[in-house]
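In case you want the letters, here they are:
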Amino acid sequence: NALSRRMLLGGGLAVAGAALVSARGFARAPAALPERAEAAASGEVKLSLVASEMQARLLGPEGPATPVWSYGETPFRLVRIRQGQTLSIDFENRLPEHTSIHWHGLRIPNDQDGVPYVTQQPVRPGERHAYRFTPPDTGTFWFHPHCDTVAQLGRGLAGVMIVEGDESRPYDADLALVLKDWRLDPKTGGYLPFATRRGELRAGTFGTVRTANAEVAPRLEIPAGGDVRLRLLNLDSTRVGSVGFEGMEAAVIAIDGNPIAPFPLSEWRLGPAMRLDVVVRAPAEGAEGRLIDFFAAEPVRLATFVGTGAAQPKRDFDPAPLTRSAIPEPRRKGAGRLRLAFATASGGKAALTVDDDDPLSQALLDSLCAASGVNWSINGQAWPGGDHSRLPPPLFTLQAGRSYVAELTNETPHVHPVHLHGATFKVVKSTRADLPVHFADTVLLTPKDRVTIAFVAPEPGAWMVHCHLLEHQDSGMMGYVRVA
Ligand code: C2O
Ligand code: CU
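Quantities reported herein were computed from a predicted structural model and do not represent experimental measurements. (Residues numbered from 1 in each chain as written. Chains lettered and ligands numbered in written order. Predicted model: local features only at pLDDT ≥ 70, side-chain atom pairs only at ≥ 80, totals over all residues.)

1. Brief notes about the overall build of the protein chain
Note the following rule: We count a stretch as a helix when DSSP gives it H or I for four or more residues in a row; a strand needs E for two or more, and each element gets its number in order from the N terminus. With C-beta atoms placed from the backbone, the exposure class of a residue follows from how many other C-beta atoms lie within 10 Å of its own: 20 or more, buried; 12 or fewer, exposed; in between, partly exposed. Two residues form a contact once the distance between their C-beta atoms, set from the backbone, is within 7 Å.
Of the regular secondary structure elements, the protein chain holds seven helices and 30 strands. The 484 residues of the protein chain split such that 46% are buried. Pairs at least 24 residues apart make up 78% of the contacts formed inside the protein chain by residues separated by at least 6 positions.

Shown next as structure tokens:
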């Protein structure tokens, strides 16, 4: 029930692990994923992406329009390619400020990574920039700017990148679901401030309108009785949800796009930038299933799925595993050891323990750090200023191709979704969350948590590591490793 669920989550625990051991409803999947049978596609896919402002009715068809920033005619441009194909992208910036595109989770060359001042010059208003790369891995990824992210993503600037070729048996449908909140004035459809002092210093500033694919609680038709692949993407700047389904059986098949042996989904903590691929058994014709965020005091319905068309014959729910990925397996022997401590910038807990209702306390809060706009740090080092134009020294210098084991610690009372560019890492263990061992590009670090990850250092270059809670990222919790 909702209450015990809440208590469990209040303890900072992810609840997926419980489901792992008590596989219910379908046979336990084999631990090893099948090899890929089919040959990868090849060839070049040309794509034009134009960042510009468009109008979207996020508050419903009768509501006021909101000026949304997007890479296409609709919010959240969706790009689908096959593994092996080369993307050749002509990017044009028609926004009033500079930007760039980072391809979140894709293991691509450093000079295509899209970080202004670090891997490329910013793309100024009216300018174009060419990106060209061949994504090595299948899965569900996304892309977004890497400067002024609080405002640019706050206005919706993000797209979905699907690299196909991982299915060992086709599903009956395949749907991406972008979860994102917006900070809107309900009367005008315009934006409320994306960042607040209070949010910046704590768990971030939450949106006021929750949407799935830029609609409030949409109703989506799926083939009745079918096995449907749903790609859930949390593209919110702030909110950590705990997603699960009602009225449909569901199994996890990939985390951050990386295949994992299927296991039943009860709930999954999905932080900003994190993705989860699930297979659901669609309800009978006319019946409903629901995607729920169970994290809040009152569970929130994010989307409703309605079964349509002739029902499929009855059979057990036993989702086919995806095929294995080609992510290099980190080795324990001879691995380098790293520690990354996520903390406030001052080391000062004072800013975080002031009384919310006391105006004097609030004044103190506003004066703290106000001069620098720097609140957070990694290993005692805060990213200077909001953009990337002044580069601090790297957190570490790594050796390309060598394995590393990194221990991430959280010295704050807040959750941090930690993201590393360039390498997909193995989440080996967490002291607070009961997680399966899995590959990911973003991992949730809950308060007091200690998460161990392992990865093989990518090709030489500067690779960012940061909190993906954007107000934290933009106020200090960002750094980079230099791979030599
Ligand atoms: Cu999704 Cu450095 O970001
Ligand atoms: Cu953070």
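2. Considerations on the domain arrangement of the protein chain
The test is simple: Each domain's extent is set by a domain assignment, obtained either automatically or from a database. Following the grouping adopted for this structure description, the nonpolar residues are Ala, Val, Leu, Ile, Met, Phe, Trp, Tyr, Cys and Pro, the charged ones are Asp, Glu, Lys and Arg, and the polar ones are all others, Gly among them.
Taken domain by domain, the protein chain comprises domain 1 (2-10 + 168-308), domain 2 (44-164) and domain 3 (336-483). Taken together, the contacts link 15 residues of domain 2 with 21 residues of domain 3. For the side of domain 2 that touches domain 3, the element with the most residues is helix α3 (residues 149-154), which contributes three residues. Looking at the side of domain 2 that touches domain 3, its residues break down into eight nonpolar, five polar and two charged.

3. Here we look at the UniProt feature "domain: Plastocyanin-like" (unreviewed entry) in the protein chain
Test applied: UniProt positions are given in the numbering used here, feature names are shortened, and annotations may be inferred rather than shown by experiment.
Residues given the UniProt feature "domain: Plastocyanin-like" (unreviewed entry) here are residues 66-167, 217-284 and 391-483. Taken end to end, residues 217-284 comprises 0% helix and 62% strand; its first and last C-alpha atoms sit 20 Å apart. For residues 391-483, the end-to-end C-alpha separation is 15 Å, with 4% helix and 53% strand making up the annotated structure.

4. Considerations on the nonpolar core
Here is a general trend for soluble globular proteins: nonpolar side chains tend to be buried in one another's company. Note the following rule: As used here, a nonpolar core is made of buried Ala, Val, Leu, Ile, Met, Phe, Trp, Tyr and Cys residues. They are joined through C-beta atoms within 7 Å.
Grouped together as the largest cluster of nonpolar side chains are 112 residues, with contacts concentrated most on V252 and V278. Among the elements that take part in this core, strand β14 (residues 250-255) stands out by supplying six residues, more than any other. In contact with V252, not counting residues within four places along its chain, are I260, P262, F263, L265, W268, L276 and V278.

5. Regarding unusual backbone geometry
Even without a glycine there, the phi angle at D148 is positive, about 45 degrees. Along the chain, the position of D148 falls in the loop between β7 (139-144) and α3. With a phi close to 50 degrees, N379 is a non-glycine residue in the positive phi region. You can see N379 is positioned in the loop between β21 (376-378) and β22 (396-398).

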